[in-house]
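Structural description and commentary
Below, each chain spelled out in residue letters.
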Amino acid sequence: MSVSIQRRPRYNETFKRHVVAEYEQGATVTELMRRYNIRGHGTIKRWVERYGKKPYRIQTAFIRTPEDLDHVRQLQQRLQTLEHLVAELTLENR
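Each value, and the rule that gives it
Residues numbered from 1 in each chain as written. Predicted model: local features only at pLDDT ≥ 70, side-chain atom pairs only at ≥ 80, totals over all residues. Heavy atoms only, no water. Helix = DSSP H or I, 4+ residues; strand = E, 2+ residues; numbered from the N terminus. Buried < 20%, exposed > 50% of the residue type's maximum accessible area, 1.4 Å probe, protein only. Areas by Shrake-Rupley, 256 points an atom, 1.4 Å probe, with all protein chains shown as cover. Core = buried A, V, L, I, M, F, W, Y, C linked by side-chain atoms within 4.5 Å. Axes fitted to C-alpha atoms, helices over the stretch in contact; angles between N-to-C directions. Parallel < 35°, antiparallel > 145°, perpendicular 65-115°, else oblique. Contact = heavy atoms within 4.5 Å. Nonpolar A, V, L, I, M, F, W, Y, C, P; charged D, E, K, R; others polar. 1 Å grid on protein atoms, 1.4 Å probe; cavity = no way out; pocket = protein on both sides within 12 Å on 5 of 7 lines; lining within 4 Å. Points joined across faces, edges and corners; volume = space filled by probe spheres on them. Phe/Tyr/Trp six-rings, centres within 6.5 Å; stacked < 30°, edge-to-face > 60°. Lys NZ or Arg CZ within 6 Å of the ring centre and 35° of its normal. Arc of directions from axis to C-beta.

1. Description of the overall build of the chain
- Helix and strand counts for the chain come out as four helices and zero strands.
- Each helix and strand of the chain, placed in order from N terminus to C terminus, yields the pattern α-α-α-α.
- Of all 94 residues assigned to the chain, the portion counted as buried reaches 17%.
- Working note: accessible area of the chain is about 8600 Å², and carbon and sulfur atoms make up 51% of it.

Structure below.
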């Protein structure tokens, strides 16, 4: 009987820094795991903590009630209003 031992892949520092850079530019952990066939969920988090310039993002949001949904809509509307005001102020300053 043959026993198969799975070895953990080893990644060089250049590769890790490349993945972290993509993460910091907005890619999600799931996207990067799929793109580069990275198996462990904590792998990219460890790389971000070690090589990153920005902190690891927590990407979980739970909407459980109609009130939560209303709150999210209000926040989205507020964000849109603030973005519009920033655009106007930028134009005024120019």
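2. As for the nonpolar core
- Counting 12 residues, the largest nonpolar core consists of Val19, Val20, Tyr23, Ala27, Val29, Leu32, Met33, Ile38, Ile44, Trp47, Val48 and Tyr51.
- Broken down by secondary-structure element, the contributors of at least two residues to this core are helix H1 (13-24), helix H2 (29-36) and helix H3 (41-51).
- No other element matches H3, which puts four residues into this core.

3. Re the packing of H1 against H3
- Two elements in contact, H1 and H3, have axes separated by 9 Å at closest approach and are oriented at 95 degrees. The angle between H1 and H3 places the two elements in the roughly perpendicular class. Of the residues in H3, those touching H1 at Glu13, Phe15, Lys16, Arg17, Val19, Val20 and Tyr23 are Ile44, Trp47, Val48 and Tyr51.
- In terms of residue class, the contact of H1 with H3 is built from eight nonpolar, no polar and three charged.

4. A word on the layout of surface pockets
- Here the largest pocket defines a volume of roughly 370 Å³.
- As for the largest pocket, its lining consists of Arg8, Pro9, Arg10, Tyr11, Lys16, Ile38, Arg39, Gly40, Thr43, Arg46, Trp47 and Arg50.
- At four residues, the largest contribution of residues to the lining of the largest pocket is made by H3.
- Here the lining of the largest pocket is built from residues that sort into four nonpolar, two polar and six charged.

5. Concerning the packing of aromatic side chains
- Within the structure shown, the criterion is met by five aromatic pairs.
- Taking 5.4 Å as the distance between ring centres and 90 degrees as the angle between the ring planes, the aromatic pair formed by Phe15 and Tyr36 counts as edge-to-face. Of this pair, Phe15 sits in helix H1 while Tyr36 sits in helix H2, and the two are 21 residues apart along the sequence.
- Aromatic pair Phe15 and Trp47: ring centres 6.0 Å apart, planes at 85 degrees, arrangement edge-to-face. Taken together, the residues span a long stretch of sequence, with Phe15 in helix H1 and Trp47 in helix H3 at a distance of 32 residues.
- Take Trp47: its relative accessible area is 7%, and that puts it in the buried class.
- Lying over the aromatic face of Tyr23, Arg57 brings its terminal NZ or CZ to 4.0 Å of the ring centre.

6. What about H2?
- For H2, every residue scored as buried is listed here: Val29, Leu32 and Met33. Buried positions in H2, seen along its axis, are confined to an arc of 100 degrees and lie on one side of it.
- On its buried face, H2 sits against H1 and H3.
- Residue Asn37 follows H2 closely and has a positive phi angle near 55 degrees.

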